[in-house]
There are 2 protein chains.
Amino acid sequence: MDTVDRWLDPSDLVDSYVHRCPARELLAVLADKWVLLVLGVLRASDGPVRFNALRRRLDGITQKMLTQTLRTLEREGLVHRAVYPTVPPRVEYSLTELGRDLGRITHAMGMWIVAHQEQLSTARVEFDEREAQLPQPV
Amino acid sequence: MDTVDRWLDPSDLVDSYVHRCPARELLAVLADKWVLLVLGVLRASDGPVRFNALRRRLDGITQKMLTQTLRTLEREGLVHRAVYPTVPPRVEYSLTELGRDLGRITHAMGMWIVAHQEQLSTARVEFDEREAQLPQPV
């Protein structure tokens, strides 16, 4: 079965809408712009990527935020961090098998956004126009 | 082609890693725990859902946060808000066609998390154990 469609079967759904459900805590970790973008860059690269290359690719990210995002992804077992004992030490990041699997779904989400951005931005303009026509508080 | 797999073709990828790319701004809006959970509840329901029913389903959400999340989703054209002139007015929320399409992908993400939560939590425990063994600053 397709990697993505495998997870569309709700038969073994636990209740992620309940507070403190472990899956919901994970969702809170993964539902983050930088987490999704770092997954995207690592997924698109042919091999391991060095910190500075990641930073250059992710326009607008601070060093601190990238460090924190990579630690989060490493902690969840989605990113592998390899340190080579050169001088200075070389540190490279790549997706684990688990990260590659999740990356396929988050990539689909990114592609969906790109493909629908005009529809979404039309909706936004229309919403703001409707709001502007509402009676204003006096 | 499958709804999800349609967006796996990178041929029309714009550069979402660049700051102020509209798709990246959208990603920042959608990469939010409550946005994803509200999409999930609306997707799972048979028909339109009232505000209080949504609130009951989403354990831990505040009234303010749910209001804000629904406005965000309505503004992006993903949620339809219907007001019926009863006393008191009845307000119901449902996914638009666009929201239903995106919901399919975010649901796949949720299912993936549920299916892999043990692997992810094992990784987390191992990471924390490795960190604890590192030499501490004196």
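Just so it is clear, the model here is predicted, and its values are computed rather than measured.

### Describing the confidence of the model for chain A
Residues and elements named next belong to chain A.
So, step 1. With 84% of its residues at a pLDDT of 70 or more, chain A has an overall mean of 85.
So, step 2. Between residues 1-14, whose pLDDT stays under 50, and residues either more than four places distant or in other chains, the model counts 32 contacts.
So, step 3. Interface predicted TM-score (ipTM) for the complex: 0.79; the corresponding pTM is 0.81.

### Some points on the side chain of B:Arg24
So, step 1. Positionally, B:Arg24 belongs in helix 1 (residues 22-30).
So, step 2. For the buried residue B:Arg24, which engages in no salt bridge, the nearest side chain bearing the opposite charge is A:Asp59, 5.6 Å off.
So, step 3. Among the polar contacts listed, one links the side chain of B:Arg24 to the backbone oxygen of A:Asp59, at a separation of 2.8 Å.

### Notes on the packing of aromatic side chains
So, step 1. Taken as a whole, this structure holds zero aromatic pairs over all chains when the rule is applied.
So, step 2. Over the ring of B:Tyr84 we find B:Arg90; its NZ or CZ atom is 4.4 Å from the centre of that ring.

### What to know about unusual backbone geometry
So, step 1. In this structure, the amide linkage connecting A:Val87 to the following residue, A:Pro88, adopts the cis form with an omega of -5 degrees.
So, step 2. Inspection of the secondary structure assignment puts A:Pro88 in the loop between strand 2 (79-84) and strand 3 (90-95).

### A closer look at the sheet that holds strand 2 (residues 79-84) of chain B
Residue and element names in this part refer to chain B.
So, step 1. Taken in spatial order, the three strands of this open sheet run 1-3-2, and their pairing is antiparallel. A single partner strand is all that each edge strand has here, and the edge strands are strand 1 (49-50) and strand 2.
So, step 2. Pairing analysis gives two bridges linking strand 1 to strand 3 (residues 90-95), with the strands arranged antiparallel. Note on strand 3: the bridge partner recorded for arginine 50 is glutamate 92.

### Focus on the packing of helix 2 (residues 33-44) of chain B against helix 5 (residues 97-133) of chain B
All names here are of chain B.
So, step 1. Contact geometry for helix 2 and helix 5: axes closest at 9 Å, N-to-C directions at 110 degrees. One element, helix 2, and the other, helix 5, form an angle in the roughly perpendicular class. Listed contacts from helix 5 to Leu36, Leu39, Leu42 and Arg43 of helix 2 are Gly99, Arg100, Leu102, Gly103, Arg104, Thr106 and His107.
So, step 2. Its residues assigned to classes, the contact of helix 2 with helix 5 shows four nonpolar, four polar and three charged.

### A closer look at the pattern of salt bridges
So, step 1. The final tally for this structure, using the stated rule, is eight salt bridges over all chains.
So, step 2. Here B:Arg124 and A:Glu76 are joined by a salt bridge, their closest N and O atoms 3.1 Å apart. With B:Arg124 in helix 5 and A:Glu76 in the loop between helix 4 (63-75) and strand 2, this residue pair bridges two chains.
So, step 3. For B:Arg124, a relative accessible area of 21% corresponds to the partly exposed category.

### Structural notes on the sheet that holds strand 2 of chain A
So, step 1. Spatially, 1-3-2 (chain A) is the arrangement adopted by the three strands of the open sheet, whose pairing is antiparallel. Only two strands of the sheet have a single neighbouring strand rather than two, namely strand 1 (49-50) and strand 2 of chain A.

### Re the pairing of strand 3 of chain B
Working note: regular strand, side chains alternate between the two faces of the sheet.
Residue and element names in this part refer to chain B.
So, step 1. Counting buried positions along strand 3 yields five of six residues, so the element is predominantly enclosed.
So, step 2. Looking at chain direction, strand 2 and strand 3 are connected through six bridges and run antiparallel. The residue of strand 3 that forms the bridge with valine 83 is valine 91.
So, step 3. Adjacent in sequence and paired antiparallel, strand 2 and strand 3 are bridged by five residues.

### Describing the packing of helix 2 of chain B against helix 4 (residues 63-75) of chain B
Pairs of packed helices are described in terms of their axes, by the angle between the two and the distance that separates them.
All names here are of chain B.
So, step 1. Viewed as axis vectors pointing N to C, helix 2 and helix 4 meet at an angle of 75 degrees, and their least axial separation amounts to 10 Å. For the element pair helix 2 / helix 4, the angle class is roughly perpendicular. Judged by residue contacts, Trp34, Val35, Val38 and Leu39 of helix 2 engage Met65, Leu66, Thr69, Leu70 and Leu73 from helix 4.
So, step 2. Classifying every residue of the contact of helix 2 with helix 4 by side-chain character gives eight nonpolar, one polar and no charged.

### Brief notes about the environment of A:Arg24
So, step 1. For A:Arg24, a relative accessible area of 3% puts it in the buried group.
So, step 2. Each C-alpha atom of the pair A:Arg24 and A:Val87 lies 42 Å from the other, and the pair is 63 residues apart in sequence.

### Considerations on the environment of B:Glu118
All names here are of chain B.
So, step 1. Along the chain, the position of glutamate 118 falls in helix 5.
So, step 2. Residue class for glutamate 118 comes out exposed when judged on its relative accessible area of 66%.
So, step 3. In this structure the C-alpha to C-alpha distance between glutamate 118 and leucine 37, which are 81 residues apart in sequence, comes to 20 Å.

Reading the values: the criteria
Throughout, residues of each chain are indexed from 1 in the direction in which the sequence is written. As they are written, the chains are lettered A onward and the ligands numbered 1 onward, keeping that order. Only residues with pLDDT of at least 70 are given local features in this predicted model, and only at 80 or more are side-chain atom pairs given and counted; all residues enter the totals for whole chains, interfaces and linings. The basis for every side-chain value is the complete set of non-hydrogen atoms in the structure, without hydrogens or water. Scored from 0 to 100, pLDDT reflects the predictor's confidence in each residue. By the convention used here, residues are in contact when the closest approach between their heavy atoms is within 4.5 Å. Think of it this way: any DSSP run of H or I at least four residues long counts as a helix, any run of E at least two long counts as a strand, and we number them from the N terminus. Remark: exposure states derive from per-residue accessible area (1.4 Å probe, protein chains only) relative to the maximum for the residue type, with buried under 20%, exposed over 50%, and partly exposed in between. The charge count treats Lys and Arg as positive and Asp and Glu as negative. His and the chain ends do not count. The term salt bridge refers to a pairing of a side-chain nitrogen on Lys or Arg with a carboxyl oxygen on Asp or Glu at a separation within 4 Å. Identification of polar contacts relies on pairs of N or O atoms within 3.5 Å, with a donor-acceptor requirement for protein atoms, meaning one able to donate a hydrogen and the other able to accept it, and with residues adjacent in sequence counted only if both atoms are side-chain atoms. Here the aromatic set is Phe, Tyr and Trp, taking the six-membered ring for Trp, and pairing holds for ring centres within 6.5 Å; pairs whose planes are under 30 degrees apart are stacked, those over 60 apart are edge-to-face, and all others are tilted. When the NZ atom of lysine or the CZ atom of arginine is within 6 Å of a ring's centre and also within 35 degrees of its normal, the charge is said to sit over that ring. In this description, strands pair whenever DSSP reports at least two bridges between them. Under this scheme, a helix contributes an axis fitted over its contacting stretch, all axes are lines through C-alpha atoms, and angles between N-to-C directions fall in the 0 to 180 degree range. Angles below 35 degrees are treated as roughly parallel, those above 145 as roughly antiparallel, those between 65 and 115 as roughly perpendicular, and all remaining angles as oblique. Amino acid classes used here: Ala, Val, Leu, Ile, Met, Phe, Trp, Tyr, Cys and Pro are nonpolar; Asp, Glu, Lys and Arg are charged; the rest, including Gly, are polar.

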